[in-house]
Amino acid sequence: MIRGAFLLAGFGLAASAALWAAGYLQDPHAIDLSTRLAAPSAAHPLGTDHLGRDLATRLVWGAAPSLSVVAIVLAGGLGLGLLAGGLIALAPPPLGGGVEWLAKTTLAVPTLVTALVLSAIFGASILTVSTALLVTSWAPYALTIAVLFDRIRGEVYWQASEALGATLPSAVRRHMLPNAWPALGGLAGADAGRAVILVASLGFIGLSADTGQPEWGAMIHEYRMFLFTEPRLVLAPILACTLVTVLLHAILDRGSN
Amino acid sequence: MTAATAQLLGRLALSWLAVVAAAFVLVRLMPSDPVEVFLAHVNVRSGPEIVAAYRAQWGLDEPLAAQFLHWLGGFVTFDWGVSFETGRPVAADFAARLPYSAAIGFGGMVLAVTGGFALGFFAAHRPGGLADALSRGLAVAGQALPAFAAGLVLLWVLGVQLRWIDVFGGGSVERVLLPTLLVAFFSLGPMSRLTRAGFAEVKRSPYYRTALAKGRSQAGALWHHGRAAGVLTLVAGLAPELAWIIGGTAVAEIVFGVPGVSERVVQAVNHRDYAILQPYIALVALWVALVLQGARILRRTLDPRLP
C-alpha cells in the first residue's frame, strides 16, 4: 500500500504536469459566449458548456476537492485507526473495551447524515466533508488492526523482538504494519472511493465546499437541465467520478488478492 | 425472557440517549447564535431586548442540562418545535413526509433482499456464470457510481430515450417507483455478494458432499442444506445496510424530487434551519439503534448458537 500511495502521488504529479503542458490548467471560469454549447473540437476536446466554458478544463479543476478529501481521509483514517486499534489490543481493559465499544457503535453511523449535520453546523467545506468521512471510517481500520495485534502477539518473531528489547513503535513498524497492509489496502481503496462519491453527492445537493470552484457533483447539478439536449455535459463528470473511484480502488487494493 | 427483553430495551434506550445527547451538545457548539440566525432570516430589526426575549422564549438562557431535559420531554410528547423557515410545527411536517421516505426505503430494501438472495444463490450455484458476473458487476457499480448520477442516467434512458415515463409531471408511480428502484439497485450488489459467500461456505462442507453422494442435484442440495446459512449471512449484512439506507433514500429523494424527510433536511441545511436538525438526528439514531438490535435478535432466533 505504501508503494500504492507513492505510485498514486507520482501518477498525480505526472498527470498535472502533462495537463499543464497541454494547457488544461487555465482559468476554468473563462466565459466565451460566442462558443456556447460547442461540440467537441480540437480547441475544446470535450466541447463547452452553456456559458462557453471549456468542459475539459473544468473537469480537471473539479478533481481538486475530491482528491484533497481523499488524501486527508486516508492519512487521518489510517493514523486514527492505528492509534485506536493499538489501544483496543494493548491498553488495559476499561480503556481498550471502551474504545472497542465506540468503534463498533461508529460502524453504524451513516456518513451522509453526518456530513449533512456537520455542514449545517460548521458550514460546508473540504474540512467538514473530511471530518464526516473520518468520523465514520476510522472504526473498520481500528477493529482490523486490533485483530492483527492480537494475532501477532502470539507469533514467535514478535516475542523475540520483545525479548531483544525493541520498542513498541519500532516493533509495530517492522512486524505489524507489513502484515497489515493487505487488509488495510482493501479498506483504504473502498474509503477513497467513498470519499470521491460523497464529495460529488454533497456537491450535487448544493453543499460543495466552495460554490465558485468547479466540482464534479456541482457540475452535474448545474448541467442537469442539459441532460436531455447535451448529455455529454452530465456524463463527463459522472465518468470522471467513476474512473477515479475505480482507479483508486485498483491502486490501493493491490495486496488483497 | 422478560428480563432479557428489559435489558435489551434498556441498552437500546441508553445508546439512543448517548447519541442524542452528543448531538445536542454538538449543535450547541455551532459558531453562530440561532437567535441571530433566526432574526436575520425573518428580517426583524434586532436589538438586545428582542434577542433576550427570544432566548427566554426558546429556553436558551437555561443551563445546558435543563435545556436537554426540556427538549427530551418535548420530543417524547411529539412537541418538536417550529421550523424557522416555514413557521410550521416540525412534527406535522415530518409526519406528512415520512410515508414517502418509508415507502422508498422499505420498498427498495425488500426488492434488494429478495433479488439479492436469489442472485446470490444462483451465483454460488454456478461460480463464474452469468449470475455471478451480474452480481459482481452490480457490486462494483454500486461502489463506483454516485447514486444521484445513476438516478440521472435512469431518468435520461427511461424518460428521453425510451419515453416510458413522464419525467417531471409524473404521478405517484413515477415519484415512488423510480427512487425505490434506485435504492434497490445500490443494495442489490452487496446483498447478493453476501448471500453468495454464505452459500459458498456450504458448498465446501462435508454434508453438502454427502447430499450429492446420495444423489441429490447440485441446486437441490444447495437449496435444502444451504438456505439457512445463506439467510444468516444475509441478515448479518442487512443490519448495516438498513442503517445506511437513510443516506440512500436522501439522494434518491433529491434526484427525483420526492417530498420526503431527507429532502426537507437538505433544504433545512441549506437555509440553516436548525429546528429541523435535532429531531432528525434523534429519529436517525432511533432507527439505527432499532435496526441493529432487531438484527441481533433475528440472528439469535435463527442460530441459537450465537452469543
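Bear in mind that the values here come from a model prediction, so they are computed numbers and not experimental data.

Trainee: A description of the overall build of chain B should follow, citing residues and the corresponding values.
Mentor: Scanning chain B from N- to C-terminus turns up 12 helices and zero strands. Each helix and strand of chain B, ordered N terminal to C terminal, gives the series α-α-α-α-α-α-α-α-α-α-α-α. The 307 residues of chain B split such that 46% are buried. Looking at chain B alone, contacts between residues at least 24 apart form 75% of all its contacts between residues at least 6 apart. When the accessible surface of chain B is summed, it comes to about 15,500 Å², and 67% of that surface belongs to carbon and sulfur atoms. Distance between charge centres in chain B, computed from 24 positive and 17 negative side chains, equals 19 Å.

Trainee: Quick one: what's the story with the overall build of chain A, residue by residue and with numbers?
Mentor: Broken down by element type, chain A carries nine helices and zero strands. Going from the N terminus to the C terminus, chain A shows its helices and strands as α-α-α-α-α-α-α-α-α. For chain A, buried positions account for 47% of its 257 residues. Of the contacts formed within chain A by residues at least 6 apart in sequence, a portion of 69% connects residues at least 24 apart. For chain A, the accessible surface area stands at approximately 11,700 Å², while carbon and sulfur atoms represent 70% of it.

Trainee: Help me get a handle on the nonpolar core, residues and values and all.
Mentor: Residue and element names in this part refer to chain A. Counting residues in hydrophobic clusters, the biggest one holds 134 residues, and the most contacted among them are Met176 and Trp216. The element that contributes the greatest number of residues to this core is helix H7 (residues 168–204), accounting for 15 residues. Once residues lying within four places of it in the same chain are set aside, the contact partners of tryptophan 216 are Leu59, Gly62, Ala63, Ser66, Val196, Pro237, Ala240, Cys241 and Val244.

Trainee: I'd like to hear about empty space enclosed by the protein, residue by residue, with values.
Mentor: Residue and element names in this part refer to chain A. Inspection of every chain in the model, using the stated rule, returns one cavity of 30 Å³ or more. Its boundaries defined by the atoms lining it, the largest cavity holds a volume of some 40 Å³. Elements with a minimum of two residues in the lining of the largest cavity: helix H4 (111–122) and helix H5 (126–152). Here the lining of the largest cavity is built from residues that sort into five nonpolar, three polar and no charged.

Trainee: Quick rundown of the packing of aromatic side chains? Include the residues and the values.
Mentor: Residue and element names in this part refer to chain B. Summed over the entire model, instances satisfying the criterion amount to 17 aromatic pairs over all chains. A centroid spacing of 5.9 Å and a plane angle of 90° characterise the contact between phenylalanine 106 and tryptophan 287, whose relative ring orientation is edge-to-face. Residue phenylalanine 106 is located in helix H5 (residues 90–125), and its partner tryptophan 287 is located in helix H12 (residues 274–302); the two are separated by 181 residues in the primary sequence. Assessed through its relative accessible area of 48%, phenylalanine 106 is described here as partly exposed. A network of ring pairs unites the aromatic residues Trp16, Phe24, Phe68, Trp71, Phe75, Phe78, Trp80 and Phe94 as a single cluster.

Trainee: How would you explain helix H6 (residues 130–144) of chain B if you had to name every residue and give the values?
Mentor: Each turn of an α-helix holds 3.6 residues, which means side chains three or four residues apart point in the same direction. With 15 residues, H6(B) should reach 21 Å at 1.5 Å per residue; the first-to-last C-alpha distance of 21 Å fits that figure. By the burial criterion, the buried members of H6(B) are B:Ala131, B:Asp132, B:Ser135, B:Leu138, B:Ala139 and B:Ala144.

Trainee: Give me the interface of chain B and chain A: which residues, what numbers.
Mentor: Taken together, the contact between chain B and chain A spans 37 residues of the former and 37 residues of the latter. Connecting chain B to chain A are zero residue pairs in polar contact (both at pLDDT 80 or more). The element that contributes the greatest number of residues to the side of chain B that touches chain A is helix H10 (residues 218–256) of chain B, accounting for eight residues. Here the residues of the side of chain B that touches chain A are counted per class, giving 33 nonpolar, three polar and one charged.

Trainee: Lay out a nonpolar patch on the surface with the relevant residues and their values.
Mentor: Residue and element names in this part refer to chain A. Among the surface-exposed residues, Leu80, Leu83, Leu87 and Leu95 lie close enough to one another that they form a single nonpolar patch of about 340 Å² accessible area. Its location among the elements puts leucine 80 in helix H2 (residues 55–90). Taking relative accessible area as the criterion, leucine 80 reaches 39% and is therefore assigned partly exposed.

Trainee: So what's going on with the environment of A:Ser161? Which residues, and what values?
Mentor: Residues and elements named next belong to chain A. With respect to the helices and strands, the residue serine 161 is situated in helix H6 (residues 156–163). Sequence separation between serine 161 and histidine 175 is 14 residues; the distance between their C-alpha atoms is 9.0 Å. In this structure serine 161 touches Ala166, Ala171 and His175, once residues within four positions along its chain are discounted.

Trainee: Describe the domain arrangement of chain B, with residues and values.
Mentor: What the domain assignment lists for chain B is domain 1 (3–76) and domain 2 (98–270). The gap between the C-alpha centroids of domain 1 of chain B and domain 2 of chain B is 37 Å.

Trainee: Quick one: what's the story with the pattern of salt bridges, residue by residue and with numbers?
Mentor: Residues and elements named next belong to chain B. Tallying each qualifying case throughout the model produces 11 salt bridges over all chains. The residue arginine 193 makes a salt bridge to aspartate 132 at a minimum N-O spacing of 3.0 Å. Here aspartate 132 lies in helix H6 and arginine 193 lies in helix H8 (residues 172–203), a separation of 61 residues in the sequence.

Trainee: With reference to specific residues and values, describe the environment of B:Pro279.
Mentor: Residues and elements named next belong to chain B. One can find proline 279 in helix H12. Residues proline 279 and phenylalanine 75, 204 residues apart in the sequence, show an inter-C-alpha distance of 7.3 Å. Contact partners of proline 279, with chain neighbours within four places excluded, come to Trp71, Phe75, Trp80, Val90 and Phe94.

Trainee: So what's going on with the packing of helix H1 (residues 2–28) of chain B against helix H4 (residues 64–76) of chain B? Residues and values would help.
Mentor: All names here are of chain B. Relative orientation of the contacting elements H1 and H4 amounts to 120°, with a least axis distance of 11 Å. Taken together, the axes of H1 and H4 lie oblique to each other. As H1 packs across H4, the resulting crossing turns out to be right-handed. For the pair formed by H1 and H4, the contact residues are Trp16, Leu17, Val20, Ala21, Phe24, Val25 and Arg28 on the first element and Leu64, Gln67, Phe68, Trp71, Leu72 and Phe75 on the second. For the contact of H1 with H4, the class distribution of residues is 11 nonpolar, one polar and one charged.

Trainee: Provide a residue-level description of the packing of helix H11 (residues 261–270) of chain B against H12(B), including the pertinent values.
Mentor: Residues and elements named next belong to chain B. Where H11 contacts H12, the axes come no closer than 9 Å and their chain directions differ by 140°. If you check the angle between H11 and H12, you find them oblique. Handedness of the crossing formed by H11 with H12: left-handed. Every residue of H12 that contacts H11 at Val261, Ser262, Arg264, Val265, Ala268 and Val269 is listed here: Ile276, Leu277 and Tyr280. When grouped by side-chain class, the residues that make up the contact of H11 with H12 number seven nonpolar, one polar and one charged.

Trainee: Got a sec to walk through the side chain of B:Gln278? Specific residues and values, please.
Mentor: As for its placement among the helices and strands, B:Gln278 is situated in helix H12. Once residues lying within four places of it in the same chain are set aside, the contact partners of B:Gln278 are B:Val20, B:Ala23, B:Phe24, B:Val27, B:Arg28 and B:Trp71.

Trainee: How would you sum up unusual backbone geometry? Please name residues and give values.
Mentor: Negative phi values dominate among residues other than glycine, just as trans dominates among peptide bonds. In the Ramachandran plot, B:Phe78 falls in the positive-phi region, its phi being about 60° despite a non-glycine side chain. By the element assignment, B:Phe78 lies in the loop between H4 and H5.

About the criteria used
Residues numbered from 1 in each chain as written. Chains lettered and ligands numbered in written order. Predicted model: local features only at pLDDT ≥ 70, side-chain atom pairs only at ≥ 80, totals over all residues. Heavy atoms only, no water. Helix = DSSP H or I, 4+ residues; strand = E, 2+ residues; numbered from the N terminus. Buried < 20%, exposed > 50% of the residue type's maximum accessible area, 1.4 Å probe, protein only. Contact = heavy atoms within 4.5 Å. Areas by Shrake-Rupley, 256 points an atom, 1.4 Å probe, with all protein chains shown as cover. Lys, Arg positive; Asp, Glu negative; His and termini not counted. Charge placed at Lys NZ, Arg CZ, Asp CG, Glu CD. Core = buried A, V, L, I, M, F, W, Y, C linked by side-chain atoms within 4.5 Å. 1 Å grid on protein atoms, 1.4 Å probe; cavity = no way out; pocket = protein on both sides within 12 Å on 5 of 7 lines; lining within 4 Å. Points joined across faces, edges and corners; volume = space filled by probe spheres on them. Nonpolar A, V, L, I, M, F, W, Y, C, P; charged D, E, K, R; others polar. Phe/Tyr/Trp six-rings, centres within 6.5 Å; stacked < 30°, edge-to-face > 60°. Expected span 1.5 Å × (residues − 1). Polar contact = N/O pair within 3.5 Å; in protein donor to acceptor, adjacent residues only side chain to side chain. Patch = residues over 30% accessible without salt bridge, like charges linked within 9 Å, V, L, I, M, F, W, Y side chains within 5 Å. Salt bridge = Lys/Arg side-chain N within 4 Å of Asp/Glu carboxyl O. Domains from an automatic or database assignment. Axes fitted to C-alpha atoms, helices over the stretch in contact; angles between N-to-C directions. Parallel < 35°, antiparallel > 145°, perpendicular 65-115°, else oblique. Left-handed = near helix turned anticlockwise from the far one by under 90°.

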